Amino acid sequence: MMHLYTFAICLVGFAALAMATERQQEALFHGVSRVRTRQYRRIGWTALVVALGVSVVNQGWGFGLVTYSGQTSMAAGLVYLALIVAERRRSR
Amino acid sequence: MTPANTTSVKPQGRGIRQTMSDLHTWAGLLVGWLLYAMFLTGTVSYFKDELSQWMRPDVPHQRVLPDAAVVAQNVSHQLTTLAAGSPQWSVYLPTERNPVVNVFWRNAPTDVKGDKGGNRRGFEEATFDPATGQRLKARETLGGEFFYRFHFQFHPLPVLWGRWLAGFCAMFMLVAIISGVITHKKIFIDFFTFRWGKGQRSWLDAHNALSVFGLPFHLMITYTGLVTLMAMYMPWGAQVAIKTPAERAQMSAQLSAFPPPIKATGDKAPLASIDAMVRQAQARWGANDVGRVSITNPGDAAARVAVTRGEATRVSMSPQYLLFNGTTGELLDVKDNVGAAAETRGVMYALHLGRFSDLHLRWLYFLVSLGGTAMVGTGLVMWTVKRRSQLPDPARPHFGFHVVERLNIAAIAGLSVAMTAFLWGNRLIPADAAGRSATEVDLFYGAWAATLLYALGRPARRAWIELLWIATALLTLLPLLNALTTSRGLWHSVAAGDWVYVGVDLMVWALAALHAWLAIRTARHKPKLKTKPVRAAQVAAAAQTSDTPVNARLNEDRA
């Protein structure tokens, strides 16, 4: 169950980091805003740090770091796939 | 990414990036086909035990894990007659993932000389049913072990040759990763970038994404892969520093989970209770965390029993064991830590194998590693995609291009066919056929060679599509074949709660779907044939589409 929480936090983190990029802001908000970029970056990185903390506290450094590493890779990949799907839908 | 910042970055970065880009391209291409195979078979090896279970359908499904102490006692009792006179037995106790007892024992020295045509390896193996303590007659197969041994020593090549080849490939992989990171100048800006339907640009984006998301894993797996065999690749440090037998014994104690050998006295003495020794280990590590019981000189007065800790509860492969006097049952030694350097190696080894993983972590390992496989695959395909647009006449490519293109087809689509053929062989070769384990391996290589011939004989595009469809068909029909040839088809497995069998069947279908998708995408793809020289084609395209600035810059980004 704990795995799901940390994975969800990673997903939120990467989704926020994606929103902080110019390309996604252009697509979603039709314009790039510095304030928005900074806010989303802050949310994204905070979420990733929190997920790391939760993982390590729950599973210790060894297992925590390994799980965190796998979860961040998967979460980034899922966000990426979601963005592709979203863009394909928009362009239809 | 805007055109303005691309041009402003270029003057400082171009030299080193260009060099690194060339290094990346050619280092990757040289070993790419073998790397792809190592990556894919290694990925599958995260489910080695499950695959081995699936490949031994004659071994019944075990619902509960029996007590390790009882099992060890029963099996060692059987071994006193089965392996009488052997200088060493190793009993691998059942785990949740591998519910049988695997036993290896060294042949008695006289046996080896007397038995000329027989077993030259010098050891025997057997499988026991933990519930009954009786020997299991399972079909002879390497199971998931084949993919495992293939991925680091290209079984059945001679072990030394295979491992050197794998190490060579891994070293190039490391070079490709580092030069790739240096080449990829917009790692953060392009982190979530994918441009659909832009030909070479899309391939590059996919390759980048697969590389960057899994970067911690790719670096870890390549480096730790080299570390697992470092004593073989770079023995000189140890050779210079360690000279006396005492020092050598000390080093092996740091690395090996087998206690130092001891001479037999020749006086007969019965073994003490193995049961009690395993219980002591269970009290220390936990009921299910006893991995192996090794008995040296059984039946002799100088018998020693080592009870080794399992792999499931720690991120380290460093040796941990309890050493007992085999005749009195007295605890002689507790080995529970090693020096810092040896522990570093132990942790890296464990990280590579991932045997400590629970189901969640194992799937993460599998999926990220599958991403790594796709990274190598996209890299290989990209080499041809990029060069096809620059060919003077795409219908008649030059020899080098032709070779790379065909090898790509056989290495990527062909490997899927070969690996599935191996599983088909497991179900179709009669269970009692002589040398069936080797026949399965032959089938794998035979199928792989056939796909190469096929790729050479067909037009490239048709060969991709057809081989992908063949892989799809073989994968789709595999669970049906399983249901026909064994009594453990999908519905039966679901009813019996045999989740390993259910998992393998469903996973095979998922992979079939993946191959079908790839085949359909390849079939739908319409290559843009450019018969004009490259520059003229770009100018012509510029008039028609707005993508051209992106495509034109490509050659500068990653020439």
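See the structure above.
### Focus: the overall build of chain B
Summing up its helical and strand segments, chain B has 21 helices and seven strands in all. Looking at chain B as a whole, 49% of its 559 residues are labelled buried. Nonlocal contacts in chain B, meaning residues at least 24 apart in sequence, comprise 71% of its contacts between residues at least 6 apart. As presented, chain B carries roughly 26600 Å² of accessible surface, and 65% of it is formed by carbon and sulfur atoms.

### Looking at a nonpolar patch on the surface
All names here are of chain B. Residues Leu30, Leu34, Leu157, Leu160, Trp161, Trp164, Leu165 and Phe168 make up a contiguous nonpolar surface patch of roughly 810 Å² in combined accessible area. Counting residues per element, the nonpolar patch draws most heavily on helix α6 (residues 159-183), which supplies five residues. Examined against the element boundaries, Trp161 turns out to sit in helix α6. Taking the relative accessible area as the measure of exposure, Trp161 reaches 66% and is therefore exposed.

### A word on the pairing of strand β1 (residues 88-92) of chain B
Residues and elements named next belong to chain B. Here β1 lies mainly inside the structure; four of its five residues are buried. Examined bridge by bridge, β1 and strand β4 (residues 290-296) share five bridges and lie antiparallel to one another. Each bridged residue has a counterpart across the sheet, and for Trp89 the counterpart in β4 is Ile295. Judged from the four bridges that link them, β1 and strand β2 (residues 101-106) form a sheet pairing that is antiparallel. By the bridge assignment, Trp89 is partnered in β2 with Trp105.

### As for the interface of chain A and chain B
Between chain A and chain B, the contact holds 24 residues from the first and 25 residues from the second. Across the chain A/chain B interface, buried area totals approximately 2100 Å², and carbon plus sulfur atoms make up 71% of it. Counting the surface chain A buries against chain B, the share from its top three residues, Arg23, Phe63 and Tyr80 of chain A, is 31%. The tally of links from chain A across to chain B stands at zero salt bridges. The interface formed by chain A and chain B includes six residue pairs in polar contact (both at pLDDT 80 or more). In terms of residue count, helix α3 (residues 34-91) of chain A provides more of the side of chain A that touches chain B than any other element does, 17 residues in total.

### So, the pairing of strand β7 (residues 331-335) of chain B
Residue and element names in this part refer to chain B. Direction of pairing for strand β6 (residues 321-325) relative to β7: antiparallel, over a ladder of four bridges. Along β7, the bridge assignment pairs Phe324 with Leu331. Here β6 hands over to β7 after five residues, with Gly329 in that stretch at a positive phi of 80°.

### Looking at the pattern of salt bridges
Residue and element names in this part refer to chain B. Counted according to the given criterion, the structure contains 17 salt bridges over all chains. For the salt bridge of Arg139 with Asp58, the shortest nitrogen-to-oxygen distance reads 3.3 Å. Here Asp58 lies in the loop between α2 (48-54) and α3 (68-82) and Arg139 lies in the loop between β3 (123-128) and α5 (145-153), a separation of 81 residues in the sequence. Judged by its relative accessible area of 11%, Arg139 falls in the buried class. The shortest N-O distance in the salt bridge between Arg195 and Asp205 comes to 2.9 Å. With Arg195 in the loop between α6 and α7 (200-213) and Asp205 in helix α7, the pair connects residues that are 10 residues apart, well separated along the chain.

Conventions we followed
- Numbering of residues starts from 1 in every chain and runs along the sequence as written.
- Both sets of labels track the order of writing: A upward for chains, 1 upward for ligands.
- The predicted origin of the model limits local features to residues at a pLDDT of at least 70 and limits the giving and counting of side-chain atom pairs to 80 or more, whereas totals for whole chains, interfaces and linings rest on all residues.
- As a convention, hydrogens and water are excluded, and side-chain values are obtained from all of the structure's heavy atoms.
- Secondary structure elements are defined from DSSP: runs of H or I of at least 4 residues count as helices, runs of E of at least 2 residues count as strands, and each element is numbered from the N terminus.
- Note on exposure labels: buried denotes an accessible area under 20% of the residue type's maximum, exposed denotes more than 50%, and partly exposed covers the range between, all computed with a 1.4 Å probe on protein chains only.
- Every residue pair with non-hydrogen atoms within 4.5 Å of one another is taken to be in contact.
- The accessible surface values rely on the Shrake-Rupley method and a 1.4 Å probe; as for residues, cover is taken only from the protein chains in view.
- Here a patch means residues that are over 30% exposed by relative accessible area and free of salt bridges, tied together within 9 Å if like-charged and within 5 Å if nonpolar (Val, Leu, Ile, Met, Phe, Trp, Tyr).
- Whenever a carboxyl oxygen of Asp or Glu lies within 4 Å of a side-chain nitrogen of Lys or Arg, that contact is scored as a salt bridge.
- Two strands are said to pair when DSSP picks up at least two bridges between them.
- Two parts placed together each lose some accessible area; with a 1.4 Å probe, that loss summed over both constitutes the buried area.
- Whenever a nitrogen or oxygen atom comes within 3.5 Å of another N or O atom, the pair is scored as a polar contact, on the condition that within protein one atom can donate a hydrogen and the other can accept it, and that pairs from neighbouring residues in sequence are kept only if both atoms are in side chains.

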